[in-house]
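Residue strings, one per chain:
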Amino acid sequence: MSGWMDTSAKSLAGVVPGERSSMSSHPVYVISGVAGSGKTTLAHAWAPTMGAAVVDLDVVAANVVDAALHEHPEATPWQINAAYRAQRYHCLIDAITAERQSAPVMAVAPFTQEISGEAPWAQFVRAIGGEPVQLVWIHTGARALSERIASRGAARDAGRSDAAVPTPPPAMPHHAVNGESPVPEIVASLRSRFGNEG
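This write-up is about the structure you can find in this document. (Residues numbered from 1 in each chain as written. Predicted model: local features only at pLDDT ≥ 70, side-chain atom pairs only at ≥ 80, totals over all residues. Heavy atoms only, no water.)

Thoughts on the overall build of the chain
Moving on, step 1. Scanning the chain for helices and strands turns up eight helices and five strands.
Moving on, step 2. Listing each helix as α and each strand as β along the chain from the N terminus yields β-α-β-α-α-α-α-β-α-β-α-β-α.
Moving on, step 3. Looking at the chain as a whole, 44% of its 198 residues qualify as buried.
Moving on, step 4. Taking the contacts inside the chain whose residues are at least 6 apart along the sequence as the reference set, 80% of them involve residues at least 24 apart.
Moving on, step 5. Accessible surface for the chain amounts to roughly 9500 Å². Of this, 55% is attributable to carbon and sulfur atoms. (Helix = DSSP H or I, 4+ residues; strand = E, 2+ residues; numbered from the N terminus. Buried < 20%, exposed > 50% of the residue type's maximum accessible area, 1.4 Å probe, protein only. Contact = heavy atoms within 4.5 Å. Areas by Shrake-Rupley, 256 points an atom, 1.4 Å probe, with all protein chains shown as cover.)

Listed below in structure tokens is the structure:
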């Protein structure tokens, strides 16, 4: 696959602190978890209660993925997502930065690299314009993940090598929720934790 892998991509390490600064104080709620954990479902249920906009990686970076798939038809969507990760997350950062100028934001993505340590997390927070940023991590069991991924039948899951594999919790402070609990219960717990911070 090295023939089509994008070698020009830059990680967030290349973002100069403050170059994506935002004057807004609207909070960002980062909703992290593996595929099938329920990130998008939670975001769309929680956002209306907070007057927040939902910024979903799969939505804001769709054009990047579609163009790459057209250029590399032999690749699966999962392979493209991995190879073009930097471009996809830059689309996400741009969308978060723009949306938080007028409203709180629910940012939906795995954020695997960003939550792997204090340094990458701090760099991500700077890239989206700084605090306030809250991290919500959804943990879901392997069986539930497998069932959800199979039932949704999404093209982006084709060829995944990490499907239905739970991951360790984030390396920094976060609010953990059980992705197998009823969504209204999760929303209620988050409302209790964060109230009307937006």
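Structural notes on the packing of aromatic side chains
Moving on, step 1. For the structure on display, the rule yields six aromatic pairs.
Moving on, step 2. Chaining the aromatic ring pairs together yields one cluster made of Tyr-89, Phe-111, Trp-121 and Phe-124.
Moving on, step 3. Cation over ring: Arg-85 sits above Tyr-89, and NZ or CZ is 3.8 Å from the ring centre. (Phe/Tyr/Trp six-rings, centres within 6.5 Å; stacked < 30°, edge-to-face > 60°. Lys NZ or Arg CZ within 6 Å of the ring centre and 35° of its normal.)

Quick word on helix H1 (residues 39–50)
Moving on, step 1. With twelve residues, H1 should reach 16 Å at 1.5 Å per residue; the first-to-last C-alpha distance of 16 Å fits that figure.
Moving on, step 2. Within H1, the full set of buried residues consists of Lys-39, Leu-42, Ala-43, Trp-46, Ala-47 and Met-50. For H1, the buried positions fall inside an angular range of 125 degrees around the axis, keeping them on one side.
Moving on, step 3. Gly-51 occupies a position one or two residues after H1 and carries a positive phi of about 60 degrees. (Expected span 1.5 Å × (residues − 1). Arc of directions from axis to C-beta.)

Comments concerning the pattern of salt bridges
Moving on, step 1. A full pass over the atoms with the stated rule returns one salt bridge.
Moving on, step 2. The partner of Arg-85 in a salt bridge is Glu-114, with the nearest N and O atoms 2.7 Å apart. Taken together, the residues Arg-85 in helix H5 (residues 85–99) and Glu-114 in the loop between strand S3 (105–108) and helix H6 (118–127) connect sequence positions 29 residues apart.
Moving on, step 3. Note on Arg-85: relative accessible area 16%, which makes it buried.
Moving on, step 4. Overall, the relative accessible area of 3% leaves Glu-114 in the buried class. (Salt bridge = Lys/Arg side-chain N within 4 Å of Asp/Glu carboxyl O.)

Points about the pairing of strand S1 (residues 28–32)
Moving on, step 1. Within S1, five of the five residues are buried, which leaves it mostly tucked inside the rest of the structure.
Moving on, step 2. Because side chains alternate across S1, one face comprises the buried residues Val-28, Val-30 and Ser-32, and the other comprises Tyr-29 and Ile-31, equally buried.
Moving on, step 3. Direction of pairing for S1 relative to strand S4 (residues 133–139): parallel, over a ladder of five bridges. Of the residues in S4, the one forming a bridge with Val-28 is Val-133. (Pairing = 2+ DSSP bridges.)

Topic: the sheet that holds S1
Moving on, step 1. Reading across from one edge, S2-S3-S1-S4-S5 is the order of the five strands in this open sheet, with parallel pairing throughout. Whereas interior strands pair on both sides, the edge strands pair on one side only; in this sheet they are strand S2 (53–56) and strand S5 (175–178). Strand-to-strand twist of the sheet, defined as the mean angle between neighbouring strand axes without regard to direction, takes the value 25 degrees.
Moving on, step 2. H5 contacts S1, S2 and S3 of the sheet and is inclined by roughly 170 degrees relative to S2. (Axes fitted to C-alpha atoms, helices over the stretch in contact; angles between N-to-C directions.)

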